[in-house]
Amino acid sequence: MWNIKYILISILAVVFSFVVHEFSHWLYGEFLGYDMIMTLNTVYPASGKYNAQSDYMLISAVGPIITLIQTVVFFFLLTRSKNLYFFPFLFNSFYLQLMSGVMNFSRPNDLGRISSYLELGLFTIPILAMLLHSILFFRAIKLNEIKKKSVWITVFYAILFSSIWILTNQFFKVILI
């Protein structure tokens, strides 16, 4: 797990998870007719505003839906193949959802925004989403007999590389599209 291949795959998993999540927001916003801007960790309309709150909610929903699909896909890939190189991809989708839920304490995130919009409370939908991700994540660990050391190494890489990704976005405002 400390080998260069696993480190590179862990970096790829972080990049893949962020880009796919954000790109899905961008793509749906463009589909709805907005001129969208995508950075490493955010997507927003070039005009700075949405025409309708419902558009904002739909665009907000797409990223977490894609992240859940990522969790399901990599759960099955890992479980069927027993290839531990799929584990960072599964973990990163779980981690993105976890961090997104935690960030609701400082500012409503995708699912927190939607949950509030639907008058369900800030944390209802994020908690339900986290439960789904958690079930698949912990089930994959059990089914694949992944050792605690391997999980912690993957956690370390995910935190390290996603922190670099997020800080790069905050300091340099990298616009991808």
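Being a predicted model, the structure only gives us computed values, none of them experimental.

Visitor: How should I be thinking about the layout of surface pockets in this particular structure?
Guide: Unoccupied space between atoms shows up once a probe the size of one water molecule is rolled over them. Considering only enclosed or pocket space, the largest pocket measures out at about 1000 Å³ in volume. In terms of lining, the largest pocket is formed by 35 residues, of which the most central are Glu 22, Asn 41, Thr 42, Arg 107 and Asn 109. For the lining of the largest pocket, the secondary-structure elements that each account for two or more residues are α1 (4-31), β2 (43-45), α2 (53-81), α3 (87-103), α4 (110-117) and α6 (148-172). Split into classes, the residues belonging to the lining of the largest pocket amount to 14 nonpolar, 16 polar and five charged.

Visitor: Please explain the environment of Gly 63 as it appears in this structure.
Guide: With respect to the element layout, Gly 63 can be found in helix α2. The class of Gly 63 is buried, set by a relative accessible area of 0%. Along the primary structure Gly 63 and Ser 81 are separated by 18 residues, whereas in three dimensions their C-alpha atoms are 27 Å apart. Apart from residues no more than four positions distant in its own chain, Gly 63 is found in contact with His 21, Ser 24 and His 25.

Visitor: Hey, could you run me through α4 in this one?
Guide: The element α4 is extensively covered by neighbouring structure, given that six of its eight residues are classed as buried. If you check which residues of α4 are buried, you get Asp 110, Leu 111, Gly 112, Arg 113, Ile 114 and Ser 115. Of the surrounding elements, those touching the buried residues of α4 are α1, α2, α3 and α5 (124-143). Looking one or two residues beyond α4, the residue adopting positive phi is Glu 119, at roughly 60 degrees.

Conventions adopted
Residues numbered from 1 in each chain as written. Predicted model: local features only at pLDDT ≥ 70, side-chain atom pairs only at ≥ 80, totals over all residues. Heavy atoms only, no water. 1 Å grid on protein atoms, 1.4 Å probe; cavity = no way out; pocket = protein on both sides within 12 Å on 5 of 7 lines; lining within 4 Å. Points joined across faces, edges and corners; volume = space filled by probe spheres on them. Helix = DSSP H or I, 4+ residues; strand = E, 2+ residues; numbered from the N terminus. Nonpolar A, V, L, I, M, F, W, Y, C, P; charged D, E, K, R; others polar. Buried < 20%, exposed > 50% of the residue type's maximum accessible area, 1.4 Å probe, protein only. Contact = heavy atoms within 4.5 Å.

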